[in-house]
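Examination of the molecular architecture
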Amino acid sequence: MEKNGKIFVAPPKNGSDFKELFKQLAAAGAGRPLGSDGFPQGPWTPELLAEAISQIDSNRIGVDLRTVQLWFQENEKGISPSNIRWLARIFGCDDSEATSEWQMELSAAQSRLTAKRRDSKKAGSSTALRVPDMPPPPMTVDDQTQPAGDLPIDASRRRQGFSLARKSEALFSHGSPLNLPASIFAGASALGFLSYIVGIHSATYSRADGVVKQVGFLWAPNWTFLFMVLLPLFFAFVIELLVFWKHDACFRLVAQGDRLESDDAWTRNVQAYSYTYWAVFLICVLFAGLFQWIGVCLIPLINGGGNYAVDWGKLAIVHPEVISVPMTIVFTGLAYLYMCLCFYLFFAGLILLHTVVHDLWRIEEASTMRPVEHRRQGGEIGLRVMRGIFRCTVLGVLVAICMKVQNSYLSSNGGDIVTWIAHDMSSVLYERHDGGNTFSYRMPTHYSSLLVAISTCIVFLYGSIRLGVGGRFRVPLWRMSAVVGLLFASYLLIDAFEGFSILLGVGVLLATYGLFDPEFGRWRASELGSNQSVS
């Protein structure tokens, strides 16, 4: 039979396993182009088949020749789910319906081969029990030349050593979803208790210009609200999205893959970001943690000076009767260690969000011959992924806002952070001016908060480009983008003009509502839909 200028053989559906089915099709040359005389050109060879699979447009990786050679050999090696898709394209002669039929036939044949192999192993184990002195079978050349992509999953995992990427991903995806958020909350609570014990939970000092400022640990939102509310929520949303992708969405999109093969593919995707995880770990621990603690806390505490604003970490310089320098060094060391580890996990969460988006986009690009209902399902999954990324983006920018607001307050003339924001709001209504900031300090937190805000928005932008352009959810995506843009603009304009807190308050309120309703109208639409169905 001829289809698209190639030899087409319909799926036999005779219950044969993959080895039997593949042998028949390779001998018949199924999927090979017809010759100029209209007759078949001959059977497949490993070289010809590997070249044909690698020439498929949507197959950017290709297939290894050794893998194809294993299909031709008399062994128990089957075919991986990713290669089933490409082989079905060959046997289906680039016809969508025929390719879909061959995918089902090849998947069923591989399942039968797996069952036959399992039964033979059970029979072999019972024989081994009867003959305990029988030596194990020798390793064949096929076992030595098997490519990493078709290795058994347990064997490939045994070959892997320590991986920071896999360990970081495991913190999000293994165990209870409450473990990581609860740990972050517990660490912040412990620091709050310690600040109360050492006496810096609430403390004031009189600046040189006579302004009395509240610099207690519990009054600093970048050490309390950030770690007790924002980061736990951020990790909770990342975990929710990651679990949804690994255990639900991925299996619905890759219908022919079983759970073990999908888990192994995800592990390889995570491992591909290994250098990124290490780079982020070194920056967070060495620069944001150790070097910043030495420059901002340790050296000023020992030598004095440094032109940094006085806060709870440098209170011992101006009020040694409240807390001693050695006690401050220990407390700030613990606080900065906790902070740098938390922010490494924060950036690791952003990397995982990028991995989910890239994985979804890769699957969508590779599945060009998908039925309409599967494409619709892919759009729904993409929208849910973007909802999760939007929530994480909002929380990430709020984290940056907390950091910048605290630093801006320390250089302002406000007595405490709440009063300072309230006076800024009222200054627009009553035209009251406080003369601006009278002190100019070195503020490394401004730079680190900018890194947090930009990194978070880049992940949202990447997801919008990969999943939203040309999609069916442009309106919700534009609403999300507008809120993210407003929130980022309000971050940039903190303390830039009098009344900035009004713009900041509007952005924060919209962002907070977006955490509950990311599509900004989804609840109303669902309510209208239910009313229409009832009527």
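Conventions adopted
- Residues numbered from 1 in each chain as written.
- Predicted model: local features only at pLDDT ≥ 70, side-chain atom pairs only at ≥ 80, totals over all residues.
- Heavy atoms only, no water.
- Salt bridge = Lys/Arg side-chain N within 4 Å of Asp/Glu carboxyl O.
- Helix = DSSP H or I, 4+ residues; strand = E, 2+ residues; numbered from the N terminus.
- Buried < 20%, exposed > 50% of the residue type's maximum accessible area, 1.4 Å probe, protein only.
- Contact = heavy atoms within 4.5 Å.
- Core = buried A, V, L, I, M, F, W, Y, C linked by side-chain atoms within 4.5 Å.
- pLDDT = per-residue confidence, 0-100.
- Bend = angle between axes of the 7 residues up to and from the residue.
- Phe/Tyr/Trp six-rings, centres within 6.5 Å; stacked < 30°, edge-to-face > 60°.
- Lys NZ or Arg CZ within 6 Å of the ring centre and 35° of its normal.
- Axes fitted to C-alpha atoms, helices over the stretch in contact; angles between N-to-C directions.
- Parallel < 35°, antiparallel > 145°, perpendicular 65-115°, else oblique.
- Nonpolar A, V, L, I, M, F, W, Y, C, P; charged D, E, K, R; others polar.

Quick word on the pattern of salt bridges
Under the definition given, this model contains 10 salt bridges. Residue K6 is joined to D94 by a salt bridge in which the shortest nitrogen-to-oxygen separation is 3.2 Å. In this pair, K6 is assigned in strand β2 (residues 6-7) and D94 in the loop between α4 (81-91) and α5 (96-130), connecting sequence segments 88 residues apart. You can call K6 partly exposed: its relative accessible area is 22%. Here E105 and R112 are joined by a salt bridge, their closest N and O atoms 3.9 Å apart. Owing to a relative accessible area of 7%, E105 belongs among the buried residues under this scheme. The structure contains a network of salt bridges with shared partners spanning K6, R89 and D94.

Some remarks on the environment of L194
Relative to the elements of secondary structure, L194 occurs in helix α9 (residues 179-198). For L194, a relative accessible area of 33% corresponds to the partly exposed category. Distance in space between the C-alpha atoms of L194 and F217 is 9.9 Å, their sequence separation being 23 residues. Once residues within four sequence positions are removed from consideration, L194 is found in contact with F331 and L334.

Looking at the nonpolar core
Generally speaking, soluble globular proteins have nonpolar side chains that are buried together. With 110 residues, the main nonpolar core has F227, W245 and V385 as its most contacted residues. In terms of residue count, the dominant contributor to this core is helix α14 (residues 325-366) (21 residues). Not counting residues within four places of it along the chain, the set of residues in contact with V385 comprises L241, F244, V356, V357, L360 and L467. Core analysis: the next-biggest nonpolar cluster, separate from the first, contains 29 residues, L21, W102, L106 and A109 among them.

Re the confidence of the model for the chain
The predicted model of the chain averages 82 in pLDDT, with 82% of residues at 70 or higher. Model confidence for the chain, summarised as mean pLDDT per element, is weakest for helix α6 (residues 141-144) at 38 and strongest for α9 at 96. Taken together, the stretch residues 131-159 has pLDDT below 50 and engages in 24 contacts with residues farther than four places along the chain or on a different chain. Overall, residues 255-259 carries pLDDT values under 50, and its contacts beyond four positions in sequence, including any with other chains, amount to nine contacts.

A few points about helix α12 (residues 274-303)
The axis of α12 is deflected most strongly, by about 40 degrees, at Q292. Of all the residues in α12, the buried ones are S274, Y277, V280, C284, G289, Q292, W293, V296, C297, L298, P300 and L301. The positive-phi residue at the C-terminal boundary of α12 is G304, with phi of around 80 degrees.

Here we look at the packing of aromatic side chains
The way to describe two aromatic rings as a pair is by their centre distance and the angle between their planes. Scanning the model with the defined rule gives 27 aromatic pairs in all. Taking the centre distance of 4.9 Å and the plane angle of 85 degrees together, the rings of F22 and F72 count as edge-to-face. Of this pair, F22 sits in helix α1 (residues 18-28) while F72 sits in helix α3 (residues 65-72), placing them 50 residues apart in sequence. For the pair Y513 and F520, a centre-to-centre distance of 5.6 Å together with 45 degrees between the ring planes defines the contact as tilted. Since its relative accessible area comes to 37%, Y513 is described here as partly exposed. Cation over ring: K3 sits above F8, and NZ or CZ is 4.9 Å from the ring centre. Of note, R466 hangs over the ring of W361, and the distance from its end group to the ring centre comes to 3.8 Å.

Overview of the packing of α9 against helix α10 (residues 225-253)
Relative orientation of the contacting elements α9 and α10 amounts to 170 degrees, with a least axis distance of 8 Å. Considering the angle they form, α9 stands roughly antiparallel to α10. Contacts between α9 and α10 involve L180, P181, I184, F185, A188 and S189 on the former and, on the latter, F227, M228, L231, P232, F235, A236 and I239. Classifying every residue of the contact of α9 with α10 by side-chain character gives 12 nonpolar, one polar and no charged.

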